[in-house]
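Structural description and commentary
So the chains spell out like this:
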Amino acid sequence: MPTIDCCSQPGLMPIESAREKLLEALSPISGTETLPLAQAAGRVLAEDVISTVNLPPCDNSAMDGYALRFEDLASGLPLELIGKSFAGAPFDGVVNPGTCVRIMTGAAVPAGADTVVMQENVDAQGESIRINCEVRAGDHVRRCGEDVAEGASLLKAGERISVPHIALLAAAGVGTVTVVRKPVIALFSTGDELRQPGEALGKGDIYDSNRIALLSALEQLDLDVLDLGILPDNKQAITDALQRASEEADAIITSGGVSVGEADYTREVLEELGEIGFWKVAMKPGKPFAFGFLQGTPFFGLPGNPVSALVTFYQLAVPALSVMKGDQWTGPQTLQAKLLKPLKKKPGRTDFQRGVYRSDENGVLVVEPVGTQGSHILSGLAAANCFIVLARESGSVEAGEQVVIEPLRVPLG
Ligand code: AMP
Ligand code: MG
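Position numbers for residues start from 1 in each chain and track the written sequence from start to end. Ligands are numbered from 1 and chains lettered from A, in the order in which they are written. pLDDT decides what is reported in this predicted model: residues at 70 or higher carry local features, side-chain atom pairs at 80 or more are listed and counted, and totals for whole chains, interfaces and linings draw on all residues regardless. The side-chain quantities take in all heavy atoms of the structure and omit both hydrogens and water.

**Some points on the side chain of T239**
We count it as follows: Helix numbers and strand numbers start at the N terminus; a helix is a DSSP run of H or I with at least 4 residues, a strand a run of E with at least 2. The buried label goes to any residue with under 20% of its type's maximum accessible area, the exposed label to any with over 50%, and the partly exposed label to all in between, with areas taken from a 1.4 Å probe on protein chains only. By the criterion applied in these results, polar contacts are pairs of N or O atoms within 3.5 Å in which, for protein atoms, one can donate a hydrogen and the other can accept it, and in which residues neighboring in sequence qualify only through two side-chain atoms. Two residues qualify as a contact provided that any one of their heavy atoms is within 4.5 Å of a heavy atom in the partner residue.
Take T239: it is sitting in helix α4 (residues 235-248). Judged by its relative accessible area of 18%, T239 falls in the buried class. A distance of 2.6 Å separates a polar atom in the side chain of T239 from the backbone oxygen of K235. Residues in contact with T239, not counting those within four places in the same chain, are V269 and L273.

**Focus: the confidence of the model for the protein**
Put simply, the test is: Residue-level confidence of the predictor, termed pLDDT, takes values from 0 up to 100.
Of the residues in the protein, 97% reach a pLDDT of 70 or more, and the chain-wide mean stands at 93. Within the model, the stretch residues 1-9 combines pLDDT values under 50 with 21 contacts to residues more than four positions away or in other chains.

**Some words on the sheet that holds strand β8 (residues 122-125)**
Short version of the rule: For two strands to count as paired, DSSP must find a minimum of two bridges between them. Note on geometry: axes are C-alpha line fits, over the in-contact stretch for helices, and angles between N-to-C directions span 0 to 180 degrees.
One open sheet accounts for 6 strands, arranged β7-β4-β6-β5-β9-β8; its pairing is mixed. In the strand order of this sheet, the two ends are held by β7 (115-118) and β8, each with one partner. Strand-to-strand twist across the sheet, computed as the mean angle between neighbouring axes with direction ignored, equals 40 degrees. Across 4 bridges, the pairing between β8 and strand β9 (residues 128-131) is antiparallel. Bridge pairing in β9 links A124 to I129.

**Some remarks on the pattern of salt bridges**
A side chain of one charge can pair with a side chain of the opposite charge if their charged atoms are brought near each other. Basically, it comes down to this: Salt bridge criterion: a side-chain nitrogen from Lys or Arg within 4 Å of a carboxyl oxygen from Asp or Glu.
Applying the stated rule across the entire model yields 17 salt bridges. A salt bridge links R160 to D327, with the nearest nitrogen and oxygen atoms 2.7 Å apart. Placement of R160 in the loop between β11 (153-155) and α2 (163-171) and of D327 in the loop between α6 (306-324) and β22 (335-339) is noted, with a sequence separation of 167 residues between them. When the shortest N-O distance is used, the salt bridge between K341 and E368 registers 3.3 Å. Placement of the pair is K341 in the loop between β22 and β23 (350-359) and E368 in strand β24 (residues 365-369), with a sequence separation of 27 residues. Under the relative-accessibility criterion, K341 is labelled partly exposed at 40%. The network of salt bridges with common partners includes K182, D222 and D224.

**Topic: the sheet that holds strand β16 (residues 224-231)**
Across the sheet, 6 strands lie side by side as β16-β13-β17-β21-β20-β18; this open sheet has mixed pairing. Only two strands of the sheet have a single partner each, and these edge strands are β16 and β18 (275-280). For this sheet the average axis-to-axis angle between neighbouring strands, irrespective of direction, equals 15 degrees. As judged from the 6 bridges shared by strand β13 (residues 184-190) and β16, these two strands associate in the parallel manner. Considered in β16, the bridge of V184 is made with D224.

Okay, here's the thing in structure tokens:
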């Protein structure tokens, strides 16, 4: 018997409540893996990283010029040039009073020296130099440890590793990092009518667009996919696939077969095998959505209609998956835009109209709906760059009104 249920209640579940229930029911997956730094961008750190070095590792020059002792400048006497310090080939000796060393950007500041003067501000004659500008003590010296001190924190567990983070870790000599393992998502489509793109279509057949779109979206979300293909409307085949998926994956996503048609076996099998609720979410497109657990593995049953499948994926599955990945889901990223065409709507469901937004000639964000809005109209979704989100209780909206839009980014969510 399903224990997570809402359909038995009259009315539809508001999308906000559906999201809340999903987020409450899920937690980050356990398990870590250690990766070379070059493969770690986008992953979530599993442990704090402490710097074992100072950054910079030693005092070094920020300029091409001359390293010297600041106190020597008071006399105004020329300084004797006693050597050179290059990046990677430091000067081994000591800068004693009255002497200086030619130094290049990034080269270690030699012992005894404390200040660098840019070469443009020096008159060099043979082995002797004179300074022709104001100098302050410590000029153009990058101090040892001024960026990061040895023992200081570089990154904390739970942070998603960005490209600048990679630069910081690499600069500190970190070769490998321990990150949260990638969740594996089992994915299949159900339907006797479905064919793989590239195959011939028989009468009444259609191509399986959901699985390939979802597979691409999951990969862009940096999740691993266990692709179980297209399943026929056959109870045994669906039972076997769900069993395998619950054993091998961290979550299961299917499309189709969760409404109340005669061939909707996914629903039947789930009711027998798992703790699944069939939610009627107050959203358009989308309404039927199944969520629950199959032997402890979270299950998301998306509707079969292609636009509904992607809209419910973005609106409900993505927040849930981001929690499983160890991310904080901070809510949909929305903007306000001026609606250019009126939109018809009845109160009762949150509407995710497909729209195109842009900045007009005055820099004002404007938006208009694209094409017809049916849940099978993929061309409209493909042409859109945002959802126009009309609140559940909102009625029709007039041109000129401000509306909430949710830009379709990759990955969305
Ligand atoms: P269902 O939820 O299985 O009743 O499917 C609802 C509608 O979505 C039907 O018109 C199906 O043919 C269509 N559909 C189901 N699965 C897919 C899929 N993977 N790709 C494209 N359309 C689908
Ligand atoms: Mg079907």
